[in-house]
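# Structural overview for review
Residues per chain, in single letters:
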Amino acid sequence: MTNSFDAPVDALVSSRSFICVRGAREHNLKNVDVDLPRDQLVVFTGVSGSGKSSLAFGTIYAEAQRRYLESVSPYARRLFNQMPVPAVASIEGLPPAVALQQQRGGSSGRSTVGSVTTLSNLLRMLYSRAGTYPKGMPQLEAESFSPNTPMGACPRCHGLGSIYDVTEKTLVPDDTLTIRQRAVAAWPTAWQGQNLRDILITRGVDVDTPWKNLPQKTRDWILYTEETPTEPVYPGRTHAEVLAAIKRGDPADYNGTFTGARRYVLQTFTKSQSAKMRARAASFMVGSVCPLCNGQRLNPDALKVTFGGQNIAEFSAHPLKHIAQALSEILPSLSAETAVGIAAEGIVSALIDRIAVLLDLGLGYLQLSRSVQTLSPGEYQRLRLGTQIRSNLFGVVYVLDEPSSGLHPVDTQALLRALDGLLKAGNSLLVVEHNPDVIRQAQWLVDVGPAAGEHGGQVLYSGATEGLKNIQESQTRRYLFDKPTPRLHPPRKPEHFLTLAHVTWNNLQDLTVSLPLGVLVAVTGVSGSGKSSLIEQALVSILSRALGQSVPVEENEGNEGGFDLARENAPKGCVASGLDAVRRLVVIDQKPIGRTPRSNLATYTGLFDQIRQLFAATPEAKKRKFDAGWFSFNVAKGRCPKCEGVGSVMVELLFLPSVYAPCPECHGSRYKSDVLAVTFRGKTIADILAMSVDEACDFFAEESSLAHGFQTLKDGGLGYLRLGQPATELSGGEAQRVKLATELQKRRSGHILYVLDEPTTGLHPADVDRLLKQLQALVNQNSSVVLAEHNMRLVAACDWVIDMGPGAGEEGGQIVASGTPDDVSMNPDSRTAPFLAQYVN
């Protein structure tokens, strides 16, 4: 009989219920071999860009998905968003996997908390089977209580709850302008707009009279007519010259078709394939509550059915904790002696049980009707986590992407309890995480590094958490085991205060807040306390208007009413004092720096423009008469005609993920061979795009402006990114740091107020230290920085803290404490204080 110790190592590991990864080469992983225990909490750590997600998601989860999809029909396979096949030699012992990532996927503006958690399905069934119907009304099916179905949607607003149209004020914002001066702002700005103005001249409209002086009948026809007359067009002539040409019988340059401003806006909004064009059209529209359903989105019959005295829209508008309480009070009164009573009792019990999980995750302040698009990534991930806990799956590997992201330390404790519940149900957890409080709970730790990009991709340690103490290369080690270091300098004292009064938005009700200027300010509070409502939305909206700036618009794909904060549905409030101390507002968010692979770090920062100028100034470029445009992969004259500057071609495989291969003509360089013949200090323009920021720092060290720009990016921990790396490959945290570095490169005059929302999202503690240096640099440039934040290490290093709360939702929205970190850490009413005290005392 063979002794077990004589068996191959891989066989031994597998027999102990390990997931055995061999030869992982995805992205920057360097032929990684690692063994991960099943049925345990395994945490992946490492600096941002080290390769953690490439191992957990790009390799392990991608392979699990590939194996699962091989078991389904080819037709069904096409319905999945398939991940690329991972570059890995083998993975043994891999159970089925479920990924809980932070992005919202393809959720539309109609997706709600109720639909994501499937609670709305149960509620619709409850109203259908056990609701109180008006006398004589037949029973409605569950679909009739959904605003997303033809049977349930309000026929007037089609289930949106609002109707959208234009007004003369939105179409013509400045009525002192003439039509020639583009008074009708909603019309196109290019040739088509000029064409419409020329048609009006032919029709006898005086385009040189101020809009407000034109007859009302003429104005109404221009804006609202549904007619589309075709008229002869004589471009570039005055009204008198056009009349003379018509009288003489001169042939027109062409015939043009007129479109009224309203018709143009509505057609563009509903039919344009361009997101930019639709957004522009939306900017001329205003929303109002649907008069038929009063914003409740459902047809009149569905709204007549009640349960517990409320219709389904009213019931769904309550916070989850109130719904659970109401159902618990109703449950004992339900009769189990009838079929209806039995059905109602079962549905109500199921609703109470499912909501209880979400309450334990700290989400009791959310409403079933709340749009998914308004949730933070952390809230969305916890919703999905709560749904999985109730699914009672067994033997599954859950792969989670920073589940503590966006969580206050208080809420992190609830998260850990939820993860423990999944483990006890017989599942395995693979968690990518930066939060030391979560990492310390790991039963098995995998530290990836030592640095980012090509300097990472290695497993520095895999084993029990305590063992990481001895790994000198690990950048995670000191943040887990060393005591926090006290701040070196006392907090700055505010120069002035910016006071907002009567702030009303979400759970903020008639709030007055004073923001200190000239310092680094952190706004804290439990998840849902009102931090983002105050800083990212109310402050930005109110201050933008006061400064005369345009209000940043939240671009949500699929948000069918994405009409920004600029009009009726906007935070209320005013700047009471301190406005004269602020010259400009700058929002640095985590939105992508570009939505296509053509946008990248080099183009966004403007550094690529300078690089192209250097190439255009070389003797070879001058000899060939190449200007800077020849070195842009977005301009036809220099880019490869085969791939049009993309560098790759896509091969679509019907039942498998699409494959991208290097362009056969330019071999991935993006450029024509003539352009690649021009070099700058021995490098082609394609070579430059292939460089990392670290390499570019060294290469352009003698070019002062470029050297400063690349050094700023490097200081922000982005040295591992390639200059030509598509923007679509960057995480939200990376995009935000690119924006921050771009701001630091600028030479702005006057006092700037910078607003950031949870800038530490996706950052390793070592990267948080780099971020802090950049934020301090902004303050040192005579600016103010305000950020909503949960990371207590960063909060402790700020000059001023405003703590929101005391609770979430309707229990929040108030300022609990305001002052220096030391002051707030000693406030007995603050739920943040005990966690902050660990870093300031």
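All values derive from a computational prediction rather than experimental measurement.

### Some thoughts on the packing of helix α5 (residues 119-130) against helix α15 (residues 339-360)
For the pair α5 and α15, the least separation of the axes is 10 Å and the interaxial angle reads 160°. Regarding the angle of α5 to α15, the classification is roughly antiparallel. In this structure, α5 crosses over α15, and the sense of that crossing is left-handed. Residues L119, L122, L123, M125, L126, R129 and A130 of α5 form the contact with α15, whose own contacting residues are V340, A344, I347, V348, A350, L351, R354, I355 and L358.

### A short note on the pattern of salt bridges
One side chain can pair with another of opposite charge once the charged atoms of both are near each other. Tallied over the full model, the rule gives 29 salt bridges. Here D250 ties to R248 by a salt bridge, and the two come within 2.7 Å at their closest N and O atoms. Classification of R248 by relative accessible area gives exposed; the value is 56%. Measuring nitrogen to oxygen at the nearest pair gives 3.3 Å for the salt bridge that ties R417 to D360. With R417 in helix α17 (residues 409-424) and D360 in helix α15, this residue pair connects regions lying 57 residues apart in the sequence. Judged by relative accessible area, which is 36%, D360 ranks as partly exposed.

### What about the pairing of strand β11 (residues 428-432)?
Taking burial as the measure, the five residues of β11 include five buried ones, the bulk of the element. Neither face of β11 is open: one carries S428, L430 and V432, the other L429 and V431, and all of them are buried. In terms of strand pairing, strand β3 (residues 41-45) meets β11 through four bridges, oriented parallel. Its bridge partner being in β11, L41 is matched across the sheet by L429. Of the strand pairs in this sheet, strand β10 (residues 397-401) and β11 are connected by five bridges, and their pairing is parallel.

### Regarding the sheet that holds strand β1 (residues 18-24)
In space, the three strands of this open sheet follow the order β2-β1-β4, with antiparallel pairing throughout. The open sheet has two free edges, formed respectively by β2 (32-37) and β4 (90-92), since each of these has just one partner strand. With strand direction ignored, the average angle separating the axes of adjacent strands in the sheet is 5°. As paired strands, β1 and β4 are joined by three bridges and run antiparallel to one another. Its bridge partner lying in β4, C20 is registered against E92. Relative to the sheet, helix α2 (residues 52-69) contacts β1, β2 and β4, its axis offset from that of β1 by approximately 105°.

### Regarding the confidence of the model for the protein chain
On average, the protein chain scores 88 in pLDDT, and the residues at 70 or more come to 93%. The model gives residues 1-15 a pLDDT under 50, and that stretch makes seven contacts with residues more than four places away or in other chains.

### A few points about the packing of aromatic side chains
Applying the stated rule across the entire model yields 17 aromatic pairs. Note on Y127 and F145: the rings are 6.1 Å apart at their centroids and 50° apart in plane angle, and the pair reads as tilted. Here Y127 is found in helix α5, whereas its partner F145 is found in the loop between α5 and β6 (162-165), with 18 residues between them in sequence. F145 matches Y127 in its accessibility class, with the two residues each being buried. Relative to F710, the ring of F700 lies with its centre 5.8 Å away and its plane at 20°, an arrangement referred to as stacked. One end of the pair, F700, is in the loop between α26 (693-699) and α27 (704-715); the other, F710, is in helix α27, with ten residues separating them in the sequence.

### Focus on the side chain of T760
The topology assignment puts T760 in the loop between β21 (752-757) and α29 (765-780). For T760, a relative accessible area of 11% gives the class buried. For T760, the side chain forms a polar contact with the side chain of E789, separated by 2.6 Å. Among residues more than four places away in sequence, those in contact with T760 are V768, L771, E789, N791 and L794.

### Looking at the nonpolar core
Judged by nonpolar contacts, the single largest core of 69 residues is most densely connected at L126, L385 and L429. For this core, the element with the highest residue contribution is α15, accounting for seven residues. Counting contributing residues, this core receives three or more from each of domain 1 (9-104 + 376-481) and domain 2 (113-161 + 291-361).

### Let's talk about the sheet that holds strand β15 (residues 508-517)
Whenever strands of a sheet pair, they do so through backbone hydrogen bonds, lying parallel or antiparallel. Strand order in the open sheet formed by three strands is β15-β14-β17, and the pairing between neighbours is antiparallel. The strands lining the two open edges of the sheet, one partner per strand, are β15 and β17 (572-577). This sheet shows a mean twist of 20° between the axes of neighbouring strands, independent of strand direction. Of the strand pairs in this sheet, strand β14 (residues 496-505) and β17 are connected by four bridges, and their pairing is antiparallel. From the neighbouring strand, L500 faces β17, where its bridge partner is V575.

### A closer look at the state of the cysteines
Per the counting criterion, the structure on display carries zero disulfides. With no disulfide of its own, C666 has C643 as its nearest cysteine by sulfur position, at a separation of 3.7 Å.

### Regarding unusual backbone geometry
The peptide bond linking G449 to P450 adopts the cis configuration, its omega dihedral lying at 5°. Tracing the backbone through its elements, the reader meets P450 in the loop between β12 (444-449) and β13 (458-463). Here the bond from G805 into P806 is cis, since omega is 0°, no more than 30 degrees from zero. Note on placement: P806 falls in the loop between β23 (800-805) and β24 (814-819). Its identity is not glycine, yet T118 carries a phi of approximately 65°, on the positive side. In this structure, T118 sits in the loop between α4 (113-117) and α5. A positive phi angle, near 45°, is found at E402, a position not held by glycine. Within the secondary structure layout, E402 lies in the loop between β10 and α17.

### Some remarks on a nonpolar patch on the surface
Residues Y68, Y75, L79 and F80 make up a contiguous nonpolar surface patch of about 480 Å² in total accessible area. Considering the arrangement of structural elements, one finds L79 in the loop between α3 (74-77) and β4. In this structure L79 comes out as exposed when scored by relative accessible area, which is 64%.

### Regarding the environment of D698
Secondary-structure assignment places D698 in helix α26. C-alpha separation for the pair D698 and Q711, spaced 13 residues apart in sequence, amounts to 9.4 Å.

### Structural notes on the packing of helix α14 (residues 320-330) against α15
It is at 9 Å that the axes of α14 and α15 come closest, and there the two elements cross at 145°. With respect to the hand of their crossing, α14 and α15 are arranged in left-handed fashion. Taken together, the residues of α15 that come into contact with α14 (itself represented by L320, K321, I323, A324, L327 and S328) are V348, L351, I352, I355, L358 and L359. By residue class, the composition of the contact of α14 with α15 is ten nonpolar, one polar and one charged.

Conventions and cut-offs
Residues numbered from 1 in each chain as written. Predicted model: local features only at pLDDT ≥ 70, side-chain atom pairs only at ≥ 80, totals over all residues. Heavy atoms only, no water. Axes fitted to C-alpha atoms, helices over the stretch in contact; angles between N-to-C directions. Helix = DSSP H or I, 4+ residues; strand = E, 2+ residues; numbered from the N terminus. Parallel < 35°, antiparallel > 145°, perpendicular 65-115°, else oblique. Left-handed = near helix turned anticlockwise from the far one by under 90°. Contact = heavy atoms within 4.5 Å. Salt bridge = Lys/Arg side-chain N within 4 Å of Asp/Glu carboxyl O. Buried < 20%, exposed > 50% of the residue type's maximum accessible area, 1.4 Å probe, protein only. Pairing = 2+ DSSP bridges. pLDDT = per-residue confidence, 0-100. Phe/Tyr/Trp six-rings, centres within 6.5 Å; stacked < 30°, edge-to-face > 60°. Polar contact = N/O pair within 3.5 Å; in protein donor to acceptor, adjacent residues only side chain to side chain. Core = buried A, V, L, I, M, F, W, Y, C linked by side-chain atoms within 4.5 Å. Domains from an automatic or database assignment. Disulfide = S-S within 2.5 Å. Patch = residues over 30% accessible without salt bridge, like charges linked within 9 Å, V, L, I, M, F, W, Y side chains within 5 Å. Areas by Shrake-Rupley, 256 points an atom, 1.4 Å probe, with all protein chains shown as cover. Nonpolar A, V, L, I, M, F, W, Y, C, P; charged D, E, K, R; others polar.

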